[in-house]
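Structural overview for review
Spelled out, the chains give:
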Amino acid sequence: MAKQHVSTTINGEAVEFLCETRQSLLDVLRDELDMTGTKEGCGTGDCGACSVTLNGDLVCSCLVLGVEAQGKSIQTIEGMAEGDQLHPLQRKFLEHAALQCGICTPGVLVAAKALLARNPDPTEEEVRYWLAGNLCRCTGYNKIIEAVLDAAREMRGANHA
Amino acid sequence: MPDRVPESVPEWVPKLNAIDNLLRAPVRVTLTGAMPPFTSGEMSFELSVTNMRGLLRALNDRFPGIGEVLEEDTAVAIDGVIHEVVYTQVLPPGCEVFFIPRLESG
Amino acid sequence: MLKKTENQISDLKVVGTRPVRPDGVPKVTGQARYGADYSLPGMLWGKILRSPHAHARIRSIDTSAARALPGVKAVMVGSDMPEQSFSYIGPDRVQVNYWHMTRNVMAREKALFDGHPVAAVAATTAAIAEQALKLIKVDYEVLPHVIDVDDAMKEDAPLLFDNMITRGVSPEPTKPSNVSRRSEFKAGDLEAGFALADEVVEMSFTTEPVHQGYIETHGTLARYGADGQCEIWSSSQGHFMVRAYTAKLLGMNISDLLVHPAEIGGGFGGKTVVYLEPVAALLSKKTGLPVKLVMSREDVFRATGPTSGSSMTVKMGVTKDGKIVAADGTFKLQAGAFPGSPVMNAAMCAFSVYEIENARAVGYDVVCNRPKAVAYRAPGSPIAAFAVESVVDELARRIGMDPLALRLKNAVKAGSPTIWGPKHGYDGFIETIEALMAHPAYKIPLGKNQGRGVASGFWFNGGGESAVTVHVSEDGSIAIASGSMDVGGSRASMALMAAETLGVPYDSVRSTVSDTASIGYNHVTGGSRVTFATGMAVVQACEKIVDDMRARAAMIWDVPLEAVSWQEGAAHLTDAALGEKAPLSLKDIAAKRAVTGGPIVAEVALNAGGQAPGFSTQFCDVEVDPETGAVKILRYVAAQDVGRAIHPSYVEGQIQGGVVQGIGWALNETYVYNDKGQLENTGFLDYRVPVASDLPMIEALIVEVPNPNHPFGVKGVGEVNIVPVMAAVANALRGATGVRQHALPMSPPVVLAALDAQAEEVVGA
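Keep in mind that what you see is a predicted model, and the values were worked out from it rather than measured. (Residues numbered from 1 in each chain as written. Chains lettered and ligands numbered in written order. Predicted model: local features only at pLDDT ≥ 70, side-chain atom pairs only at ≥ 80, totals over all residues.)

**A closer look at the overall build of chain C**
Secondary structure assignment for chain C yields 19 helices and 26 strands. Computed over the C-alpha atoms, the radius of gyration of chain C is 28 Å, within 12% of the 27 Å expected from 2.2 N^0.38 for a compact globule of 765 residues. Each principal axis of the C-alpha atoms in chain C carries an extent, and together these give about 95 × 75 × 55 Å. For chain C, the proportion of its 765 residues judged to be buried stands at 59%. A fraction of 79% describes how many contacts in chain C between residues 6 or more apart in sequence connect residues 24 or more apart. (Helix = DSSP H or I, 4+ residues; strand = E, 2+ residues; numbered from the N terminus. Rg over C-alpha atoms; globule rule 2.2 N^0.38 Å. Buried ≥ 20, exposed ≤ 12 C-beta atoms within 10 Å, placed from the backbone. Contact = placed C-beta atoms within 7 Å.)

**Points about the domain arrangement of chain A**
All names here are of chain A. When its domains are assigned, chain A resolves into domain 1 (4-79) and domain 2 (88-160). For domain 1 and domain 2, the distance between their C-alpha centres works out to 22 Å. If you look at the interface, domain 1 gives 13 residues, while domain 2 gives 11 residues. The dominant element in the side of domain 1 that touches domain 2, judged by the number of residues it contributes, is strand 3 (residues 51-54), at 3 residues. Each residue belonging to the side of domain 1 that touches domain 2 can be placed in one class, and the counts come to 6 nonpolar, 6 polar and 1 charged. (Domains from an automatic or database assignment. Nonpolar A, V, L, I, M, F, W, Y, C, P; charged D, E, K, R; others polar.)

**Brief notes about the domain arrangement of chain C**
Residue and element names in this part refer to chain C. Each assigned domain of chain C is listed here: domain 1 (24-32 + 463-608), domain 2 (43-335 + 342-372) and domain 3 (438-452 + 613-765). The interface of domain 1 with domain 2 comprises 14 residues on the first partner and 16 residues on the second. When the residues that make up the side of domain 1 that touches domain 2 are grouped by side-chain class, the tally is 7 nonpolar, 6 polar and 1 charged.

**A look at the environment of Pro379(C)**
Examined against the element boundaries, Pro379(C) turns out to sit in the loop between strand 15 (358-367) and helix 11 (381-399). Along the sequence, Pro379(C) and Asp641(C) sit 262 residues apart, while their C-alpha atoms lie 19 Å from each other.

**Re unusual backbone geometry**
All names here are of chain C. The residue after Ser-170, namely Pro-171, is reached through a cis peptide bond having omega 0°. Note that the residue after Leu-744, namely Pro-745, is joined by a cis bond; omega there is -5°. Mapped onto the elements, Pro-745 comes out in the loop between helix 18 (725-737) and helix 19 (748-764). Positive phi values are uncommon outside glycine, yet Asn-449 reaches one of about 60°.

**Brief notes about the interface of chain C and chain A**
With 43 residues of chain C in contact, the opposing surface of chain A contributes 42 residues. Among the elements of the structure, helix 1 (24-28) and helix 17 (648-667) of chain C are those that each provide at least two residues to the side of chain C that touches chain A. It is helix 17 of chain C that contributes the most residues to the side of chain C that touches chain A, 8 residues altogether. Looking at the side of chain C that touches chain A residue by residue, the classes come out as 20 nonpolar, 17 polar and 6 charged.

**Regarding the sheet that holds strand 14 (residues 324-336) of chain C**
Residues and elements named next belong to chain C. Across the sheet, which stays open at both edges, the 5 strands sit in the order 7-15-14-13-8 with mixed pairing between neighbours. Whereas interior strands pair on both sides, the edge strands pair on one side only; in this sheet they are strand 7 (179-187) and strand 8 (199-207). Recorded for the sheet is a direction-independent mean angle of 10° between the axes of neighbouring strands. With 8 bridges joining them, strand 7 and strand 15 adopt antiparallel strand pairing. Across the sheet, residue Glu-184 finds its bridge partner in strand 15, namely Val-362. This element, helix 11, spans strand 8, strand 13 (310-318) and strand 14 of the sheet and lies at about 150° to strand 8. (Pairing = 2+ DSSP bridges. Axes fitted to C-alpha atoms, helices over the stretch in contact; angles between N-to-C directions.)

**Some remarks on the pairing of strand 1 (residues 44-50) of chain C**
Residues and elements named next belong to chain C. Of all 7 residues in strand 1, 7 are buried, a share of seventy percent or more. Here strand 1 pairs with strand 12 (residues 291-294) via 3 bridges, running parallel. Counted as the bridge partner of Leu-44 is Val-291 from strand 12. Of the pairings in the sheet, the one linking strand 1 to strand 5 (residues 117-123) comprises 6 bridges and is antiparallel in character. Looking across to strand 5, one finds that Leu-49 is bridged to Ala-119.

**Here we look at the nonpolar core**
All names here are of chain C. Ranked by size, the top nonpolar core spans 312 residues in total, and within it Val-279, Ile-480, Ala-498, Val-538, Ala-666, Val-729 and Leu-733 carry the most contacts. At 12 residues, helix 15 (residues 530-557) tops the list of elements feeding residues into this core. Residues within four places of Ala-498 in sequence aside, it is in contact with Val-470, Ile-478, Ile-480, Val-509, Val-538 and Cys-542. (Core = buried A, V, L, I, M, F, W, Y, C linked by C-beta atoms within 7 Å.)

**Remarks on the arrangement of the chains**
Taking contact number as the criterion, the leading pair out of 2 pairs of chains in contact is chains A and C. Nowhere do chain A and chain B come into contact; their C-alpha atoms are at least 14 Å apart.

What follows is the structure, encoded as structure tokens:
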């Protein structure tokens, strides 16, 4: 079976790759493009470790086919920092110790960023429900929620400045 | 580097100074778990020793083969504080020593 | 070396603060590399064929069609690994039997659980490897299977091993069974004890196996060279363990195997064993190319160790003024397909928080057709605590005593007896009870369908072997290397302890984990041992550096050693008669290292003892929906004695994480097998772990009763926080509904059925 040629944009850069139609976007990112920041926790869309945004929408990349990336814009964890400046969410996660083993962290960060893009002032409950699709087994979620709320606060302050 | 066990006379040999020996309270040792095959049921002992090496030698002299089992398969509680079995471990006079099954981690 | 700490370090400057961890940036930018993130040139993809049957004799395996598929480079079966002799080696509680271990990695005569590996393939792409698996023909003779522990103990139960004779029973049984061993711990006189009781409660309970639930599946990369040397990249809780087990299972010299510690995405005890590494290494050996082998989530649930399920009966007696006078517990834990449930731990921990003169705990280790049980956070103790703490709750109700007050009255302290022999060495339990009693939330009044539950727990905590090297670099900055895998931020704690000991800023200390060739043996990261044992080694190594610095400063100044002191990260000349000298910092001395003797390095290797156990007391408020049986956690407060919190944020994180795992264990997590013994819920959709929207903020109360045997007073933190949780939730449910739950998980259908049954009783009365 011949591979498909796909042209897409990842983290703002034009990218081309070859993949089989059966390969998921997650497989392509990790195995074809060496972008192992996005993690596979389950392969069935239940854990959120593979979260990326596709044209601004939060998706599980294990449930998206590689070929579906054609002509679209993808954002992964590798594109979250601006050059050598960490995103406020990334900084707050470190300050608040919102990660222990860190395997869920890329997915949670991508999901949290997508939340704050559409709701810059979420309540604790809204954050919890938005992140319900991102499983974490280490932290009990406490410090993750605190970090997201604190980052949101900082980002709102920066916008008003 | 581990501290070296002092040379000279092995610890469990009764000292020439008998008064020293008499005054020093013996260590009370209890085995738990699956020891009976070695000791025909005897589980508690009083021994005049000052460190773990001496204790292991004393027990092994009495019940050949038990030394290796204690070294490999047990941990030890000295007055309630748990330690690995290490030769240089000091045993204060009159202390209570229990050999217990070793710990699993999770 | 064992060096008792003479002076505890006080007046702390960095220990107890909350700086950012040294491995943080790679983890928040996706750069950190976990087990499945490594690749090498020419790498092949490995896949494992797994038995679809819960119990079957393997008559033959025909791999010829798979071998012939283009792109397939090697195929292996269990007998490609050397045979291991059948003998139980090692500690009573954790006996390893390599005959079992090699068969757990890959089956030989029999498949013993749905998902049991039977063959493996290495191919140029993952897709080809999958295809090749389908071409392997296995001739199974399906046998009757048994799933639950009570069923496995019945007279007519299908036997997993025809020659399994129960150990620990005298006289030895004549017939084989599925009971691998019986253990008993006893103190005092049970009959006399119960005779003193005013109230006696006896209840039976069952729990289901639950998986550690780490979000990272197992993954490894192996490169076996033509020279017989092999490198492995793998995420595990102990790369020295990976090296030792892999070498043993493949018949290699240990030093021919170099294991690199990948970052680990959660372990909780489940990654203290090997599954993939020997297979990947052998496939690499056969092909001459690196082989990558990663489990799917389905593989993880079908074939990797959960902790045991159980069937338990606990009977306890109390006087009307609250003294617990006797306790008797029977704990049957299922080991899965090979012996080794944590039943001994369960028996030893069960009553360990209470001073009870007359007590007995009996444990049975039972095999059945499920994946082999592996350690899970204080293995065994949470299971026993569910039963014991539920009974204690009933006792409190019978005599009308507050559950915290009942615990306080019977609480152990230093010098209290245990049923497993030695007396307790430490205080700490009482302080956790008092912390809760003083907490304002404990007095919040409850409403309709709400209830409050209290429970306590105990865990041994570990010591053991650690090796650490500390270097002072040419610019005076510090590098610490240890061999302890970092599961939850220990690199930060090591750096804090080093910075404190040396008197230097935290940011000048870098903390890493070395591979097996670069540092001495380190025991696994587990048993809540790393901050204690590896931390002790770090402090001792830094103390050696301080001595070295003083000696070099004395050389530089041409003064006696006694005239040099070390304070605030610098050498000071203390004898005014010898003149005035500006202090020499690490940087100054490092610049002069060559003339003062060479590189500045210190190494400490020790076998740590003197660790203190963990105690935790917790309360939980729940609200039950009487229409659906759904349970909502309203608030949760967990007090734990940690000795000293080196980095309080990570200590809180451990407590919060353990509590949430316990909540999942209490309310939802279970394995669902069909009547063929095949696992039906092989993913996170139906193996329901807690998600963010299920929970409130978990309050972690850090109690500090320092351990005098550690330079900073550390007691292990990671595990005991999970021990009381299921009982706390069950006791809260009892308060909210009036119904005692005897089975885990307390999922909505179960709770609803209990509520309906109670309603019927009332109506019928």
